[in-house]
Amino acid sequence: MSTAPPSAESALPESGTSESGTSESGTPVGGVAEAVAQAVGEALAGPLGGVAGRLFGEGWEGRAANGLGFLRRRLTGEYRIDEFGFDQELTEQVFLSLMRPLADKYFRVEVRGAEHLPGKGGALVVANHSGVLPLDALMTQVAIHDHAGRHLRMLAADLVFVLPGVNELARKAGHTLACNEDAQRLLESGEIVGVWPEGFKGIGKPFAERYKLQRFGRGGFVSSALRAGVPIVPCSIVGAEETYPMIGNAKTLARLLGLPYVPITPTFPWLGPLGALPLPTKWIIQFGEPIPTDSYPPEAADDPMLLFNLTDQVRETIQHTLYRMLVQRRSVFF
C-alpha cells in the first residue's frame, strides 16, 4: 500500500482563498460572487418567484437565501477549515444533506440511545463495522449530527487517504488518519471521535460470519480515551451486514488492484452497475451507556492489561447488544 499521508501536524489553511480575497490566479472573486448572487436573487424575486413557490413550497425564499449565501461564501473563500481539514459548513450544507435521504428514506435508520452521547466535551464512539462499503460509518455520522447536534470526527484507514478525490472529500467531511496522536488531539479538544476497530476485517468478512465481531486490535483507541479522560460509547449497528451480502472474494483481482478485497455478492458483478446498489435493509443504530475513563490515573494508558480488559469490555458490550437486537428484529427489510 502507498505511504499514508501525514497526520494533521501539518496544519491546513483556514480559508478557501488568500487574505486578499482573490483566487490563486489573482482574479478578484468578491465582485463575481456578488454579481452572481444578485442576479439569481433578482430572478427569483421577479418572474421566477411564482414558479419557485409552486415547485418548492412555503419557505422557499429562506432556503434560497441560505443557498445564495453559501454560494457567495464558497466563491469568496469566506469559510473556515480546521487544522485537520474539516469544513463544517460544506459538511452540513452538502455532505450531510446528500446522506440524509439515504439514512431516512432508504435505510430508514432508527436511532436508539442518543441520550448517551454527551452534549459537550470529548467522547469516543466505538462501533461494529460491516457491509463491504463503509456506509455504516456515514450513517452514524448523520445519526450523531441529527440526534445529538454534534459532528462525528471519524478515524479512517490510510487507504481512504491515498484514493484520488476521496482523500480531499474525507478530510473536508471531518475524517482523519486512524492514529493515536490525531485521535487524542481531537478528544482533548472536545470532539466526538468515531472508530471502527474491526477495520477491513469487519466490512470485508463473508456473509456467513455476519454480526460476529472480528478482532479489535491492540486497544489503541482505548489508550487515546484514557489519555484524554473521555468516556467510551459503544455503538451497535444492525442492518448494514445485509446491504451487500458478500458470498465470495476475488482475491487475485484484489491483489492486482491493491485492495483488501473485491466482493462477490448475489447481484455484483452479475448485474453490472445495478449490482453495486445496496439492498434497502432496515437499520438500527444503538448507542450504549458510556464507559467512563476519567477515574484512571495518567499512567493507566501504558498498562497493557488494563487496555486489554477495557478493549474486551467494549467488544463484548457491542457483541451482546447485537445479539439482543437480532433476536428482537422481525425482518431484515421492514
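Look above for the structure.
Remember, it's a predicted structure, so these values are computed and weren't measured experimentally.

Draft legend 1. Expanded view of the overall build of the protein. Along its length, the protein carries 11 helices and 9 strands. Within the span of the protein, comprising 334 residues, buried residues form 44% of the whole. Across the protein, contacts joining residues at least 24 apart in sequence account for 77% of those joining residues at least 6 apart. Surface accessibility of the protein: about 17,100 Å² in total, with carbon and sulfur atoms responsible for 59%.

Draft legend 2. Here's a closer look at the environment of T311. Among the structural elements, T311 can be located in helix α11 (residues 304-328). A C-alpha to C-alpha distance of 9.5 Å links T311 and S223, two positions 88 residues apart in sequence. Those residues in contact with T311, other than ones at most four positions away along the chain, are F216, G219, F221 and V222. Polar contacts involving the side chain of T311 include one to the main-chain carbonyl oxygen of L307, which spans 2.7 Å.

Draft legend 3. Molecular detail of the packing of aromatic side chains. The full count for this structure, using the stated rule, is 3 aromatic pairs. Taking the centre distance of 4.6 Å and the plane angle of 25 degrees together, the rings of F107 and W283 count as stacked. With F107 in the loop between α4 (88-106) and β1 (110-112) and W283 in the loop between β8 (263-264) and β9 (284-287), the pair connects residues that are 176 residues apart, well separated along the chain. As far as the burial class goes, F107 and W283 line up, both buried. With 6.2 Å between their ring centres and 75 degrees between their planes, F216 and F221 make a pair best called edge-to-face. Each member of the pair, F216 as well as F221, is classed as buried. Through a chain of ring-to-ring contacts, the aromatic side chains of Y106, F107 and W283 assemble into a single cluster. Just above the ring of Y79 sits the side chain of R74; from NZ or CZ to the centre is 3.6 Å. The cationic tip of R171 hangs over the ring face of F161; the distance from NZ or CZ to the ring centre is 4.6 Å.

Draft legend 4. Local environment of helix α9 (residues 220-228). Those residues of α9 that fall on the buried side of the exposure criterion are F221, V222, S223, S224, A225 and L226. Next to the buried residues of α9 lie β2 (123-127), α7 (180-188), β5 (192-195), β6 (232-238) and α11. G229 sits one or two positions beyond α9 and adopts a positive phi of about 70 degrees.

Draft legend 5. Representation of the pattern of salt bridges. Counted by the stated rule, this structure contains 13 salt bridges. Two residues, E191 and R153, come together in a salt bridge whose shortest N-O distance is 3.6 Å. In this pair, E191 sits in the loop between α7 and β5 while R153 sits in strand β3 (residues 152-156), placing the two residues 38 residues apart along the sequence. Given the relative accessible area of 24%, E191 is considered partly exposed. A residue is classified by how much of its surface remains accessible, and R153, at 1% relative accessible area, is buried.

Draft legend 6. Focus on the sheet that holds β1. Pairing is mixed in the open sheet, where 7 strands are placed in the order β1-β9-β6-β2-β5-β3-β4. Two strands in the sheet have a free side with no partner beyond their single neighbour: β1 and β4 (176-177). Of the pairings in the sheet, the one linking β2 to β6 comprises 4 bridges and is parallel in character. Paired with A127 across the bridge in β6 is C235. The strands that helix α5 (residues 135-148) touches are β1, β2, β3, β5, β6 and β9; relative to β3, the one it contacts most, it runs at about 165 degrees.

Draft legend 7. Quick peek at the nonpolar core. Formed by 36 residues in total, the largest nonpolar core has its most connected members in V125, M139, I237, W283, I285 and F287. Breaking this core down by element, the ones donating at least two residues are α4, β2, α5, β3, β6 and β9. Broken down by element, this core gets its largest block of residues, 7 residues, from α5. Contact partners of W283, with chain neighbours within four places excluded, come to F107, R108, V109, E110, L135, D136, M139, I237, V238, G239, A240 and T243. Core analysis: the second largest hydrophobic core is formed by 30 residues, F84, V126, F221 and L322 among them.

Draft legend 8. Summary view of a nonpolar patch on the surface. Residues L253, L256, L257 and L259 make up a contiguous nonpolar surface patch of about 390 Å² in total accessible area. If you trace the backbone, L257 turns up in helix α10 (residues 251-257). The class for L257 is exposed, based on a relative accessible area of 53%.

Draft legend 9. Representation of the side chain of S130. Mapped onto the elements, S130 comes out in the loop between β2 and α5. Taking the relative accessible area as the measure of exposure, S130 reaches 1% and is therefore buried. The contact partners of S130, leaving out residues within four places of it in the chain, are D136, G202, I203, K205, A240 and E241.

Draft legend 10. Focus on the packing of α9 against α11. Between α9 and α11, whose axes approach to 9 Å, the crossing angle comes to 105 degrees. Taken together, the axes of α9 and α11 are roughly perpendicular relative to one another. Between α9 and α11, the contacting residues are F221, V222, S223 and L226 on the first element and L306, L307, L310 and T311 on the second.

Each value, and the rule that gives it
- Per-chain numbering applies: the sequence of each chain, read as written, is numbered from 1 onward.
- The model is predicted, so local features are restricted to residues of pLDDT at least 70 and side-chain atom pairs to those at 80 or more, both for listing and for counting; the totals for chains, interfaces and linings are taken over all residues.
- Each side-chain value is derived from all of the structure's non-hydrogen atoms; neither hydrogens nor water enter the calculation.
- Helix and strand definitions follow DSSP, with helices as H or I runs of at least four residues and strands as E runs of at least two, each counted in order from the N terminus.
- Only protein chains enter the calculation, and the probe is 1.4 Å; a residue is then buried if its accessible area is under 20% of its type maximum, exposed if over 50%, and partly exposed in between.
- Contact between two residues is taken to exist if any of their heavy atoms lie within 4.5 Å; hydrogens are not considered.
- Computed with a 1.4 Å probe, the accessible areas rest on the Shrake-Rupley method; for each residue, only the protein chains presented here act as cover.
- Pairs of N or O atoms are called polar contacts if they sit within 3.5 Å, as long as, within protein, a hydrogen donor faces a hydrogen acceptor (for residues adjacent in sequence, only side-chain-to-side-chain pairs).
- Pairs were defined over the aromatic rings of Phe, Tyr and Trp, the Trp ring being its six-membered one, requiring ring centres within 6.5 Å. Orientation was assigned from the angle between planes: stacked under 30 degrees, edge-to-face over 60, tilted for the rest.
- Each ring is checked for a lysine NZ or an arginine CZ that lies within 6 Å of its centre and within 35 degrees of its normal; such an atom marks a charge sitting over the ring.
- Each reported salt bridge corresponds to a side-chain nitrogen of Lys or Arg within 4 Å of a carboxyl oxygen of Asp or Glu.
- Between any two strands, pairing holds if DSSP finds at least two bridges.
- Angular values range over 0 to 180 degrees, each being the angle between N-to-C directions of two axes fitted as lines to C-alpha atoms, with helices fitted over their stretch in contact.
- Buried Ala, Val, Leu, Ile, Met, Phe, Trp, Tyr and Cys residues form a nonpolar core when they are joined through side-chain atoms within 4.5 Å.
- Patch membership requires over 30% relative accessible area and the absence of a salt bridge. Like charges are linked within 9 Å, and nonpolar side chains (Val, Leu, Ile, Met, Phe, Trp, Tyr) within 5 Å.
- Angle categories are assigned with fixed cut-offs, so that under 35 degrees is roughly parallel, over 145 is roughly antiparallel, 65 to 115 is roughly perpendicular, and the rest are oblique.

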